[in-house]
Amino acid sequence: MSTAQRIALHGPWRRQLVKLGGCIVAVSALLPLIYLALLTVADRWQAPRLLPEGLRLDRLSNVLSSSTGLLESLLLSLFIGGLVAAGSTALGFVTSRQLAYTRRLRLWLLLAYLPFAISPVVLATCLLFVFIKVHLSGTLLGVILAQIMLAYGFATILLLGLWNPHKQGLEQVARTLGANPRQVWMQVLIPASLPLLRVCFFQTFLISWAQYGLTALIGSGKVRTLPLRVFDYAMEADPAYAAVAGLLLIVPPLALLWIERRIVFKVV
Amino acid sequence: MSSLLQVEALSRRFGNEAVLHSVQLTLAAEQTMSILGRSGSGKTTLLKIIAGLESSDTGSVLLNGNNLANVPPEQRGIVYLYQEPLLFPHLSTFENVAFGLRVRHTNNAEVQARTREMLGELGLNEHARKMPHELSGGQRQRAAFGRALIVQPRLLLLDEPFGALDGETRTAMQALYRRVVREHRIATLFVTHDLKEAILVGDRYAYLSKGQLTQYPNLAAFLTEPDIRAADEIHFWTSLAAQTSHPSLAIPRPDPLVKTPQEQVP
């Protein structure tokens, strides 16, 4: 049997298998989200029932009230995530350029990898003593700084790929054409690196957004971000409100992912 | 003729390797000096030091008699063109060419007029709105030329600018280069590893080998330099012409050393 005949024979089967596999992956990805959404509006949902007996929307409307603290936590997480993403992306951009042209790149890279190698919780434990000494423990600033320390290393490693002989050539051409160092940054390096900078912003936002251990330790329970709120509800055996908080936790990243797919990956 | 550029006793080492060794060079205004050299001979380092993008260990670079030691690249009036066109990927062809005027805060009406004129001169008017990735290799190199010429540099440094182009485009670009440089009356240092190209574009000739530069008073003296092996090249082609009876070799061709202004834009 020739290769062409074999492909012709197995082609339709293979297509069906691929379709089936795609459906399984899609259902596996969507089912938890559907379950989570259903749980937020479920009224009297007891085992072994597949669906709740009724629906109630008051938990969702309660998000807006101050009694649950969910809206406050959502805004706080957005604020911290935005600052951490902006700060670590900017710092990572500048640092990665310095590192790319340094002779001891391996040593510096090792330092950048360290926060991931030792895990965020261990990093927080190491930082906690210093943060207590300088009165940053239990403060918003302390949480932001600690998260930036984690995301900064990630941003530096991610953005290191930007710097190559071609980019260095662009920089040098711009200088000889009359651009001063500030103009080179503003009119050449930043605009030419924008696609990867957007990806880096998105990724570091996600690092901050989902951060639990580091925030809990450095924030000492006083900085109540959304992941901490989800954990609290889960511990209090309130799955419905844990689901509401969980839903709030996944909506902004999904929105960002949608924006990223529409804008970022079009230009990368 | 008074010299525009003077390079005196320029040396540069990278580790234990001497890349440039006591280089002396003079170039008058409106002249093109071809610097022939093989890979690793120190050509790029020499140009980068003159442009202010690298530092030298010893020696000096003078432009119109002024020492450039403490002058940053953007204030030297010297534009450096690479083998790659290195157009800014986020800017259109028009904005790439206009870049030097924009960073000098030239008023918009003048930017528009001068950029359009430059694009027209280089045959790029219809490509003004295209992004760099939409241009061919020759078009990109022409845009890079326009971007350099529009700022009216005192000196243009070309580092094997046509090295990445195919043979036909390369020939057309050499012709365009000769026409444009003559019209704009710009002094240039043209670095190449191609003997024919060095002869075609230059008024003055130099040979760089193992960091040592030799300048020649004329083309004849340049061609007698044993290291460039011009005699071998000439012998190869004359032998080939003698051995073959192919008619194309018998057709009289224009002398490539006579630089006429009738070159075509590629």
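Residues numbered from 1 in each chain as written. Chains lettered and ligands numbered in written order. Predicted model: local features only at pLDDT ≥ 70, side-chain atom pairs only at ≥ 80, totals over all residues.

Caption draft 1: Molecular detail of the sheet that holds strand β5 (residues 66–67) of chain B. Residues and elements named next belong to chain B. On the basis of which strands lie adjacent, the open sheet formed by four strands has the order β2-β1-β4-β5 and antiparallel pairing. Of all strands in the sheet, those bounded by a partner on one side alone are β2 (17–28) and β5. Where strand β4 (residues 58–63) and β5 come together, two bridges link them in antiparallel fashion. What sits directly across from L63, in β5, is N66. (Pairing = 2+ DSSP bridges. Helix = DSSP H or I, 4+ residues; strand = E, 2+ residues; numbered from the N terminus.)

Caption draft 2: Molecular detail of unusual backbone geometry. Residue and element names in this part refer to chain B. With phi around 65°, E30 is a residue other than glycine that occupies positive phi space. Relative to the elements of secondary structure, E30 occurs in the loop between β2 and β3 (32–37). Unusually for a residue other than glycine, N64 sits at a positive phi of about 50°. In this structure, N64 sits in the loop between β4 and β5. Residue class for N64 comes out partly exposed when judged on the 14 C-beta atoms lying within 10 Å of it. (Buried ≥ 20, exposed ≤ 12 C-beta atoms within 10 Å, placed from the backbone.)

Caption draft 3: Inspection of the confidence of the model for chain B at higher detail. Residue and element names in this part refer to chain B. Predicted confidence across chain B gives a mean pLDDT of 86, with 91% of residues reaching 70 or more. Of the regions scoring below 50 in pLDDT, residues 260–266 engages in 15 contacts with residues more than four places distant in sequence or in other chains. Both confidence scores are given for the complex: pTM 0.76, ipTM 0.84. (pLDDT = per-residue confidence, 0-100. Contact = placed C-beta atoms within 7 Å.)

Caption draft 4: Geometry of the packing of helix α2 (residues 93–103) of chain B against helix α4 (residues 137–149) of chain B. Residues and elements named next belong to chain B. With their axes 6 Å apart at the nearest point, α2 and α4 run at an angle of 30° to one another. The orientation of α2 with respect to α4, classified from their angle, is roughly parallel. Our pair here, α2 against α4, has a crossing hand that is right-handed. Note on element contacts: α4 touches α2 through A143, G146 and R147, opposite T93, N96, V97, F99 and G100. The residue inventory of the contact of α2 with α4, partitioned by class, reads three nonpolar, four polar and one charged. (Axes fitted to C-alpha atoms, helices over the stretch in contact; angles between N-to-C directions. Parallel < 35°, antiparallel > 145°, perpendicular 65-115°, else oblique. Left-handed = near helix turned anticlockwise from the far one by under 90°. Nonpolar A, V, L, I, M, F, W, Y, C, P; charged D, E, K, R; others polar.)

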